[in-house]
Amino acid sequence: MIIHCATSNPGKLREFQLAAPDFDIRPLRVRVEPPDETGATFEENAVLKTLYYSQFAPGYLFADDSGLEVDALNGQPGVHSARFAGPNAHDQDNNRLLLQLLAGKTDRTARFVCVIALVNNGRLEKTFRGSVEGRILTEPHGSGGFGYDPLFFHEPFGCTFGEAPIEDKMKASHRAQALDAMFTYLRGIAST
């Protein structure tokens, strides 16, 4: 089954493809300007993006919105995770700002959240949510992953997502959970 995904992030695309080798996951063939992410929640942004990008690909298409919620920051950066330090910020800028805001704070609990929206020929089918708990370290560890991965310590791994092998991360991450739910749903459709 061919499924298009709406991402230009090579790290996300790799995770999507590793999550379900039994599906033919393809990025959009056309380069289009992304829509403004005006939603107040991950779900609103995922649906907004999926419906927008569905005009550029037939059949099934999915998009995700994901980010980091930090308890001591009242859920920030949340839906603004990718542009936390500004519209042209890079991962290092976002990580630096996060560490500045958490300086001196003892509550460093956080979670990664991912919501995937799935459409079929422009019609919303369903959304899928995943989350994983952890805590923010005081400095980055590991060069793997992307975004906040080097700061996010996941207790069951005993290391950050930036240090964890991609195979382990894909078994436990917020994105892996949401992808697993979506692919389980699609396998059910394919078998009927």
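Residues numbered from 1 in each chain as written. Predicted model: local features only at pLDDT ≥ 70, side-chain atom pairs only at ≥ 80, totals over all residues. Heavy atoms only, no water.

With respect to the sheet that holds strand β3 (residues 60-70)
Right, on to step 1. The sheet built from seven strands is open, its strands ordered β2-β1-β3-β4-β5-β6-β7 with mixed pairing. Looking along the sheet, the strands with just one partner apiece sit at the ends: β2 (24-27) and β7 (159-160).
Right, on to step 2. Sheet strands touched by helix α1 (residues 10-19): β1 (2-5), β2 and β3. Its angle to β3, the strand with the most contacts, is close to 115°.
Right, on to step 3. The sheet strands contacting helix α5 (residues 174-190) are β1, β2, β3, β4 (109-120) and β5 (123-136), and the helix crosses β5 at an angle near 150°. (Pairing = 2+ DSSP bridges. Helix = DSSP H or I, 4+ residues; strand = E, 2+ residues; numbered from the N terminus. Contact = heavy atoms within 4.5 Å. Axes fitted to C-alpha atoms, helices over the stretch in contact; angles between N-to-C directions.)

Here's the deal with the pairing of β4
Right, on to step 1. Of all the twelve residues making up β4, eleven are buried; the element is thus mostly covered by neighbouring parts of the structure.
Right, on to step 2. With eleven bridges joining them, β3 and β4 adopt antiparallel strand pairing. Bridging across to β4, L61 finds its partner in V119.
Right, on to step 3. Direction of pairing for β4 relative to β5: antiparallel, over a ladder of twelve bridges. Bridged to V113 within β5 is S131. (Buried < 20%, exposed > 50% of the residue type's maximum accessible area, 1.4 Å probe, protein only.)

A closer look at the packing of aromatic side chains
Right, on to step 1. Applying the stated rule across the entire model yields ten aromatic pairs.
Right, on to step 2. Judged by centre distance (5.1 Å) and plane angle (70°), the ring pair of Y52 and Y53 falls under edge-to-face.
Right, on to step 3. Overall, Y52 belongs to the partly exposed group, its relative accessible area being 25%.
Right, on to step 4. Take Y53: its relative accessible area is 10%, and that puts it in the buried class.
Right, on to step 5. Judged by centre distance (6.5 Å) and plane angle (80°), the ring pair of F62 and F183 falls under edge-to-face. Highlighted residues: F62 in strand β3 and F183 in helix α5, separated in sequence by 121 residues. (Phe/Tyr/Trp six-rings, centres within 6.5 Å; stacked < 30°, edge-to-face > 60°.)

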